[in-house]
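Here's the letter readout for the chains.
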Amino acid sequence: MKKIVLTVIAVVTLFSCQSDNSETPDFAATTVAKRACASDDVLKSKMAADPNLAARMNQIEDFTQKALLTGRIVNGKIQIPVIVNVLYRTTAENISTAQIQSQIDILNEDFNAQNADFNSVPALFSGVKANVGISFVLEAIYRKATTKTSWGTADAMKSTTTGGINPTSPTSKMNLWVCTIGGGILGYAQFPGGASATDGVAIDSKYIGDTGTAVYPYNLGRTATHEVGHWMNLRHIWGDANCGSDLVSDTPTHNTSNYGVPAYPHYSTCSGNQVEMTMNYMDYTDDRGMYMFSNGQKSRMAAIFLSGGSRAGFRL
Ligand code: ARG
Ligand code: ZN
Ligand code: CA
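This write-up is about the structure you can find in this document. (Residues numbered from 1 in each chain as written. Chains lettered and ligands numbered in written order. Predicted model: local features only at pLDDT ≥ 70, side-chain atom pairs only at ≥ 80, totals over all residues. Heavy atoms only, no water.)

Once that is clear, we can look at the site of ligand 1. Around ligand 1 there are 13 residues in total, and Leu186, Thr223, Glu227, Thr285 and Asp287 lie nearest to it. In the model, a nitrogen atom of ligand 1 is placed 2.7 Å from a nitrogen or oxygen of the glutamate 227 side chain. For ligand 1, the accessible surface in isolation is 350 Å², of which the surrounding protein chains cover 90%. A molecule is said to occupy a pocket when more than half its atoms come within 2 Å of that pocket's grid points, and by this definition ligand 1 occupies the largest pocket. The residue inventory of the shell around ligand 1, partitioned by class, reads five nonpolar, four polar and four charged. (Near = heavy atom within 4 Å. Polar contact = N/O pair within 3.5 Å; in protein donor to acceptor, adjacent residues only side chain to side chain. Areas by Shrake-Rupley, 256 points an atom, 1.4 Å probe, with all protein chains shown as cover. 1 Å grid on protein atoms, 1.4 Å probe; cavity = no way out; pocket = protein on both sides within 12 Å on 5 of 7 lines; lining within 4 Å. Sits in = over half its atoms within 2 Å of the grid points. Nonpolar A, V, L, I, M, F, W, Y, C, P; charged D, E, K, R; others polar.)

Another aspect to go through is the pairing of strand β3 (residues 135–145). Two strands pair when backbone bridges link them, and strand β2 (residues 77–88) and β3 are joined in this way by ten bridges, in the parallel orientation. Bridge pairing in β3 links leucine 87 to lysine 144. (Pairing = 2+ DSSP bridges. Helix = DSSP H or I, 4+ residues; strand = E, 2+ residues; numbered from the N terminus.)

Burial within strand β4 (residues 174–179) is extensive, with six of its six residues counted as buried. A two-sided burial pattern is seen for β4, the buried positions comprising Met174, Leu176 and Val178 on one face and Asn175, Trp177 and Cys179 on the other. Relative to β4, β2 runs parallel, the two sharing five bridges. Across the sheet, valine 82 pairs through a bridge with methionine 174, a residue of β4. With four bridges joining them, β4 and strand β6 (residues 201–204) adopt parallel strand pairing. The residue of β6 that forms the bridge with cysteine 179 is aspartate 204. (Buried < 20%, exposed > 50% of the residue type's maximum accessible area, 1.4 Å probe, protein only.)

Ideal donor angles around a metal are set by the shape: a four-donor tetrahedron calls for 109.5 degrees, a six-donor octahedron for 90 or 180 degrees. Binding of the calcium ion (ligand 3) to the protein goes through Asp246 (OD), Val248 (O), Thr251 (O) and Thr251 (OG1), at separations of 2.3 to 2.5 Å. According to the relative accessible area criterion, valine 248 is buried, its value standing at 10%. On the accessibility criterion, threonine 251 (6% relative accessible area) is buried. (Donors = N, O, S within 2.8 Å, 3.2 Å for Na, K, Ca; no water.)

Attention now goes to the packing of aromatic side chains. Tallying each qualifying case throughout the model produces eight aromatic pairs. Arranged with centres 4.9 Å apart and planes meeting at 50°, the rings of phenylalanine 111 and phenylalanine 293 form a pair that is tilted. You can see phenylalanine 111 sitting in the loop between α4 (97–110) and β3 and its partner phenylalanine 293 sitting in the loop between α5 (222–231) and α6 (295–303), a full 182 residues away along the chain. Owing to a relative accessible area of 1%, phenylalanine 293 belongs among the buried residues under this scheme. Summarising the aromatic geometry, the rings of tryptophan 238 and tyrosine 284 are spaced 5.0 Å apart at their centres and angled 65° between planes, so their arrangement reads as edge-to-face. (Phe/Tyr/Trp six-rings, centres within 6.5 Å; stacked < 30°, edge-to-face > 60°.)

Ligation of the zinc ion (ligand 2) by protein atoms is provided by His226 (NE2), His230 (NE2) and His236 (NE2), these donors lying 2.0 to 2.1 Å from the ion. Positions of the donor residues of the zinc ion (ligand 2), expressed as sequence spacing, correspond to H-x3-H-x5-H. Of this pair, histidine 226 sits in helix α5 while histidine 236 sits in the loop between α5 and α6, and the two are ten residues apart along the sequence. Each of the two residues, histidine 226 as well as histidine 236, counts as buried.

One water molecule sets the probe size; rolling that probe over the atoms shows where empty space is left. Considering only enclosed or pocket space, the largest pocket measures out at about 310 Å³ in volume. Of all the elements, α5 adds the most residues to the lining of the largest pocket, at five residues. Residue composition of the lining of the largest pocket, grouped by class: six nonpolar, seven polar and four charged. (Points joined across faces, edges and corners; volume = space filled by probe spheres on them.)

Now for the side chain of threonine 146. If you trace the backbone, threonine 146 turns up in the loop between β3 and β4. For threonine 146, a relative accessible area of 15% corresponds to the buried category. Of note is the side chain of threonine 146, whose polar atom sits 3.2 Å from the backbone nitrogen of lysine 148.

So, on to the pattern of salt bridges. Per the counting criterion, the structure on display carries eight salt bridges. Here arginine 222 ties to aspartate 110 by a salt bridge, and the two come within 3.0 Å at their closest N and O atoms. Taken as a pair, arginine 222 in helix α5 and aspartate 110 in helix α4 lie far apart in primary sequence, 112 residues in all. The exposure classification of arginine 222 matches that of aspartate 110, with both residues buried. Close ionic contact of aspartate 199 with arginine 311 constitutes a salt bridge, the shortest N to O distance being 2.6 Å. Of this pair, aspartate 199 sits in the loop between β5 (187–189) and β6 while arginine 311 is found in the segment after α6, placing the two residues 112 residues apart along the sequence. With a relative accessible area of 6%, aspartate 199 lands in the buried category. Connected through shared salt-bridge partners, Asp110, Asp117 and Arg222 make up one network. (Salt bridge = Lys/Arg side-chain N within 4 Å of Asp/Glu carboxyl O.)

Rendered as structure tokens:
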């Protein structure tokens with residue numbers, strides 16, 4: 001009850017508008033010189049008529065306060081806390097904090113149209129190249145020495161029972177495992193909707209960041225950009241099938257994955273014969289060949305963070 005009273009006061013304060021001198025006089029307050037803004041009167045009568053309104057406004061206030069307190073929404077944008085879990089046998093695998101930070105910096109550049117090569121996007125795609133507007137903050141690094149030479153893609157690195165490291169708060173923090181994966185795999189991600197115990201992204205220690213152990217041509221941190229794209233629900237641009245669909249309308253249909261750095265323009269032989277967007281992060285080119293997300297991809301990513309979305313936990 002006390003909380004509701006406090007909320008009503010807070011809400012009234014929130015809705016009280018600046019008195020505008022051009023406003024017509026409030027007839028209900030003829031004997032009082034001060035004018036009242038109608039918003040609070042209207043709110044009071046609506047609260048009297050609707051017993052659930054105060055509770056709903058309370059929830060909105062709770063949400064607002066939590067979002068402000070945890071700082072996860074910065075300038076109206078989502079900020080993702082990142083937990084990095086390093087598993088190493090050799091000293092090279094125990095990558096430096098500087099190398100980890102270089103990866104966080106690259107994610108921030110690539111997801112905010114701050115990458116130096118963003119202006120290399122061809123004019124044909126300049127209308128759809130996106131500033132995704134999601135940022136990343138390194139929150140903690142956990143390191144563990146092991147005897148394993150490679151970890152594979154069956155999530156062994158994500159559990160202490162298999163010698164790995166359990167994720168930290170996976171419904172509100174993005175967990176990144178850095179280890180030797182093996183089998184020519186640069187990295188892999190879990191899509192939204194999977195089990196929280198295995199949620200996150202695994203990146204091979206030779207393909208993370210742009211310094212230290214990072215190896216050409218995957219030495220610009222784009223493996224993580226690509227995998228975080230999957231973690232945010234993006235499919236491969238070729239739709240994992242010949243002329244398949246990536247469920248995004250502003251990306252052209254590709255025949256299949258592209259490698260190396262294709263010469264521009266590279267035409268598809270799928271219906272429409274569009275110029276392929278080989279410079280998209282969700283293709284398979286070398287790191288220096290990928291430098292954009294599209295607006296359609298941005299919308300798909302944003303959707304999972306909405307309230308009711310699969311990663312809504314990242315908002316509070
Ligand atoms: N999962 C893909 C692989 O392991 C990642 C490709 C990333 N591409 C890149 N240029 N970094 O092959
Ligand atoms: Zn992929
Ligand atoms: Ca498409």
